[in-house]
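One letter stands for each residue in the lines below.
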Amino acid sequence: AAGVIQSPRHLIKEKRETATLKCYPIPRHDTVYWYQQGPGQDPQFLISFYEKMQSDKGSIPDRFSAQQFSDYHSELNMSSLELGDSALYFCASSSPGTGGTEAFFGQGTRLTVV
Amino acid sequence: SQQGEEDPQALSIQEGENATMNCSYKTSINNLQWYRQNSGRGLVHLILIRSNEREKHSGRLRVTLDTSKKSSSLLITASRAADTASYFCATVPEDNYGQNFVFGPGTRLSVLP
């Protein structure tokens, strides 16, 4: 079965550079979530989109922006990268339903800022 | 503060033993989900339990939910070395309705052969 696809899997950037992470949700899923997981930390919610509109916002720095496109894929843009941005970035998708939803996560993009 | 907090933070057992991990949360929830994460890899959904459910089974997994105590437990029976991973609980707050999953810090389970 198709899963959530994230690209790239690994990314190395220098401080102050820009990075773009991509997420392709499971077909027919209309909600996308982005999470950041630092070393040894739990995943922290960044931002989510439903039907191409931002639906919720968590602890996302102003240097980061994201959007969901007409084909439902999403991109997380990160500018002025800092060493502390080094983390595993997860994308998840779900299809809303009564009683809550189950999120399916991608394998993540490991970003290393040097 | 964390919505979900796992207990214990690390657990080491022998293959064949049962492993119990607990999760506490602070606000009313819509549902609670357990995920597994192998080192540095993606999160794998294990089981979802809704706020009106008390217990759920899936294979060797048993999840309980006590909304009066705002806690959940994940029991893995007859553990295997392949169960070695970090386990996270994630809650969907009642007023979020699936828009935001709040993760706890996770329990690192080591199953020794």
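1. Overview of the sheet that holds strand β3 (residues 19-24) of chain A
Residue and element names in this part refer to chain A.
So, step 1. Strand order across the open sheet formed by four strands is β1-β3-β8-β7, with antiparallel pairing between neighbours. Looking at which strands have only one partner, the edges of the open sheet turn out to be β1 (5-7) and β7 (64-68). Between one strand and the next, the sheet's axes are offset by a mean angle of 15°, whatever the strand orientation.
So, step 2. Bridge analysis of β1 against β3 gives three bridges, and the strand direction is antiparallel. Bridge pairing links Ile5 to Tyr24 in β3.

2. Looking at the nonpolar core
So, step 1. Counting residues in each nonpolar core, the largest one holds 22 residues, and the members touching the most others are Leu21, Trp34, Leu76, Met78, Tyr89 and Leu111 of chain A.
So, step 2. Contributing elements (two or more residues each) for this core: β3, β4 (31-37), β5 (44-50), β7, β8 (74-78), β9 (87-94) and β11 (109-113) of chain A.
So, step 3. The contact partners of Tyr89 of chain A, leaving out residues within four places of it in the chain, are Gln6, Leu21, Tyr35, Gln36, Leu46, Phe64, Leu76, Met78, Gly108, Thr109 and Leu111 of chain A.
So, step 4. Grouped together as the second largest cluster of nonpolar side chains are 21 residues, Ile13, Tyr25, Ile49 and Val63 of chain B included.

3. What about the side chain of Gln36 of chain A?
Residues and elements named next belong to chain A.
So, step 1. As for its placement among the helices and strands, Gln36 is situated in strand β4.
So, step 2. What makes Gln36 buried here is its relative accessible area of 19%.
So, step 3. A distance of 2.8 Å separates polar atoms of two side chains, one belonging to Gln36 and the other to Tyr89.
So, step 4. Not counting chain neighbours up to four residues away, the residues in contact with Gln36 comprise Asp42, Pro43, Gln44, Leu46, Phe64, Asp85, Ala87, Leu88 and Tyr89.

4. Concerning the pattern of salt bridges
Once their charged atoms are close, side chains differing in charge can pair, the charge on each being opposite to the other.
So, step 1. This structure, assessed with the given rule, holds six salt bridges over all chains.
So, step 2. As a salt-bridge pair, Glu82 of chain A and Arg63 of chain A come within 3.4 Å of each other at their nearest N and O atoms. Separated by 19 residues along the polypeptide, Glu82 of chain A in the loop between β8 and β9 and Arg63 of chain A in the loop between β6 (53-57) and β7 bring together distant segments of the chain.
So, step 3. Judged by relative accessible area, which is 42%, Glu82 of chain A ranks as partly exposed.
So, step 4. Note that Arg62 of chain B is salt-bridged to Glu55 of chain B, the shortest N-O span being 3.1 Å.
So, step 5. Of the residues examined, Arg62 of chain B reaches a relative accessible area of 30% and is grouped as partly exposed.
So, step 6. Overall, the relative accessible area of 39% leaves Glu55 of chain B in the partly exposed class.
So, step 7. A cluster of three or more residues bridged by salt bridges with shared partners is formed by Arg63, Glu82 and Asp85 of chain A.

What counts and how
Residues numbered from 1 in each chain as written. Chains lettered and ligands numbered in written order. Predicted model: local features only at pLDDT ≥ 70, side-chain atom pairs only at ≥ 80, totals over all residues. Heavy atoms only, no water. Pairing = 2+ DSSP bridges. Helix = DSSP H or I, 4+ residues; strand = E, 2+ residues; numbered from the N terminus. Axes fitted to C-alpha atoms, helices over the stretch in contact; angles between N-to-C directions. Core = buried A, V, L, I, M, F, W, Y, C linked by side-chain atoms within 4.5 Å. Buried < 20%, exposed > 50% of the residue type's maximum accessible area, 1.4 Å probe, protein only. Contact = heavy atoms within 4.5 Å. Polar contact = N/O pair within 3.5 Å; in protein donor to acceptor, adjacent residues only side chain to side chain. Salt bridge = Lys/Arg side-chain N within 4 Å of Asp/Glu carboxyl O.

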